Amino acid sequence: MNAARLKEIKAHLEGERVSLERQLAAQGLGEVDVDEGFADSGQATAERSELIAVEEQHESLHKEIVAALARIEDGSYGKCQNCGAEIPEERLDAVPTTTLCVACKQAATDALTRL
């Protein structure tokens, strides 16, 4: 079940990536012409920045999905990469790309909040 869901999400992300790349290409990634005016150049820059940020988020999620599919192939999917415990099916359903069980994820989150 998780493999099919991950493949579906991966295909969706790949389609969105093509769309984002087209939008970025249409806007151009170069500098905005000074003749466009200050407000227009600021708006164009903000729109490009937003598209680039979305594209980076998609790329990160795509990498996580590819890694999860590889773990399914090698049989390590569903095992915590920190402690080796089985990750509950409910957690895998909620976060199919997860590599940590709930306890290890909580410990990692707690450690970050203490910094």
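Residues numbered from 1 in each chain as written. Predicted model: local features only at pLDDT ≥ 70, side-chain atom pairs only at ≥ 80, totals over all residues. Heavy atoms only, no water.

This paragraph deals with the overall build of the chain. Counting its secondary structure elements, the chain contains four helices and zero strands. Ordered by position in the sequence, the α and β elements of the chain form the string α-α-α-α. For the chain, the proportion of its 115 residues judged to be buried stands at 23%. Restricting the contact set of the chain to residue pairs at least 6 apart, pairs at least 24 apart contribute 55%. Taken as a whole, the chain presents about 7800 Å² of accessible surface, with 55% of it coming from carbon and sulfur. (Helix = DSSP H or I, 4+ residues; strand = E, 2+ residues; numbered from the N terminus. Buried < 20%, exposed > 50% of the residue type's maximum accessible area, 1.4 Å probe, protein only. Contact = heavy atoms within 4.5 Å. Areas by Shrake-Rupley, 256 points an atom, 1.4 Å probe, with all protein chains shown as cover.)

A word on the state of the cysteines. Here the structure, examined in full by the defined rule, presents zero disulfides. In this model C101 remains outside any disulfide bridge; the closest cysteine sulfur is found in C104, 3.6 Å from its own. Given a relative accessible area of 12%, C104 falls into the buried group. (Disulfide = S-S within 2.5 Å.)

Time to look at the confidence of the model for the chain. The predicted coordinates ought not to be read in detail in places where the model reports low pLDDT. Across the chain, the average pLDDT comes to 84, with 88% of residues at 70 or higher. Of all the helices and strands in the chain, helix α1 (residues 2-27) carries the lowest mean pLDDT, 83, while helix α4 (residues 102-114) carries the highest, 93. (pLDDT = per-residue confidence, 0-100.)

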